[in-house]
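# Breakdown of the fold
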Amino acid sequence: MDPPGRPLSYPLTALISDLHSNLPALETALADARAREARRFVCLGDMIGYGASPRECLDLVMTLCTIEPVDPAAGAGSKPLEAGLCLLGNHEDALLNSAEDFNPKARSAIEWTRMALNLGEDREQSYRYWDFLGSLSPAERDERALFVHGSPRDPVREYLLPRDVRNPAKMEENFRRMDRPVCFVGHSHVPAIYYEDGRLHRPDGTEGPIDLALESGSQAAARKRVIVNVGSVGQPRDGDPRLSYALFDGESVTFVRLEYDVPAAAAAIRAVPELPEFLAERLAIGR
């Protein structure tokens, strides 16, 4: 029997974020999650921007991270995936609205991405991309977790970084905005666990499962809430160029770091004249 407070059935969920049009990284992460028997895929936003493969990355997310997912890599007799989720990130928001507040390199990538999504012989597919992007919500939740791109109080744009543990007012306000015992975020590209009691855990490579010691029901107010940053699949920024994603089973989180074909991702960026060289260079150093 499951212990009190534990969800009776929670599918092993792969949490991916900040793909940034990096197809080699995304394909590596998805293959690994399948091998670990993930049954649901949740994308925390920023599928596009920076990288050279927005259409291909959107195709994968639109297949796996939806209410009726289909896994094209599943073998005969495989169990169907559970309904997934996909969120609005600040790069999707800039694509749909305005990138005026982006730095020049990021803005150039958004402008090229807009053009890339509109090109191609299959106009219906282009329309599907825009319909999908326009349908995204800044926040989603299930019975156990809140999912946002940035933070609980500003789901699209606020960064949560390790230094914020020295800013109790900011952290307290974010925990106060949570209506679930755990919130999963991306956006900063730095994997970490933020505990409501002020502790911070920075995973050292692939690590877990880490029991989050969550409480539910009336016990959820007993200062047991946590915020988990899953890191970035497509553009890590913690000095480690390996991609980062996380797995959640309803109680515990596992961080996964994997090497992928960085030269291929960088070469794809360099093959697009409109994309700045810096966006290719940074992949090798994880910054």
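The following refers to the structure shown. Keep in mind that what you see is a predicted model, and the values were worked out from it rather than measured.

## Examining the overall build of the protein
Of regular secondary structure, the protein possesses eight helices and twelve strands. Taken over the C-alpha atoms alone, the protein extends approximately 55 × 50 × 30 Å along its principal axes. For the protein, buried positions account for 56% of its 287 residues. A separation threshold of at least 6 residues defines the contact pool for the protein, and within that pool the share at least 24 residues apart is 73%. Here the protein has roughly 12,600 Å² of accessible surface; of this, 50% comes from carbon and sulfur atoms.

## What to know about the state of the cysteines
A covalent bond between the sulfur atoms of two cysteines is referred to as a disulfide. Taken as a whole, this structure holds zero disulfides when the rule is applied. Note on Cys65: no disulfide assigned, nearest cysteine sulfur contributed by Cys43 at a separation of 5.4 Å. By relative accessible area, which is 4% here, Cys65 ends up buried. No disulfide involves Cys86; its sulfur sits 4.2 Å from the nearest other cysteine sulfur, which is in Cys43.

## Considering the environment of Ala284
Tracing the sequence through the fold places Ala284 in the segment after α8 (277-281). Residues Ala284 and Glu196, spaced 88 residues apart in sequence, show a C-alpha to C-alpha distance of 34 Å. Not counting residues within four places of it along the chain, the set of residues in contact with Ala284 comprises Pro241 and Val262.

## A closer look at the packing of helix α2 (residues 54-64) against helix α4 (residues 104-118)
Packing of α2 against α4 leaves a shortest axis separation of 9 Å and a crossing angle of 70°. Considering their axes alone, α2 and α4 lie roughly perpendicular with respect to each other. Together, Pro54, Arg55 and Leu58 of α2 and Trp112, Thr113, Ala116, Leu117 and Asn118 of α4 make up the contact between the two elements. Of the residues belonging to the contact of α2 with α4, the class tally is five nonpolar, two polar and one charged.

## Side note on the sheet that holds strand β3 (residues 85-86)
Here six strands make up an open sheet; going across it, the order is β3-β2-β1-β11-β12-β9 and the pairing mixed. The open sheet terminates on both sides in strands that have one partner only, identified here as β3 and β9 (207-211). Inspection of the sheet shows β9 paired to strand β12 (residues 252-258) by three bridges, in the antiparallel sense. When the sheet's bridge partners are listed, Glu207 is paired in β12 with Phe255. Packing of helix α1 (residues 23-35) onto the sheet brings it into contact with β1 (13-16), β2 (40-43), β11 (243-248) and β12, and relative to β11 it is tilted by some 30°.

Parameters and conventions
- Residues numbered from 1 in each chain as written.
- Predicted model: local features only at pLDDT ≥ 70, side-chain atom pairs only at ≥ 80, totals over all residues.
- Heavy atoms only, no water.
- Helix = DSSP H or I, 4+ residues; strand = E, 2+ residues; numbered from the N terminus.
- Buried < 20%, exposed > 50% of the residue type's maximum accessible area, 1.4 Å probe, protein only.
- Contact = heavy atoms within 4.5 Å.
- Areas by Shrake-Rupley, 256 points an atom, 1.4 Å probe, with all protein chains shown as cover.
- Disulfide = S-S within 2.5 Å.
- Axes fitted to C-alpha atoms, helices over the stretch in contact; angles between N-to-C directions.
- Parallel < 35°, antiparallel > 145°, perpendicular 65-115°, else oblique.
- Nonpolar A, V, L, I, M, F, W, Y, C, P; charged D, E, K, R; others polar.
- Pairing = 2+ DSSP bridges.

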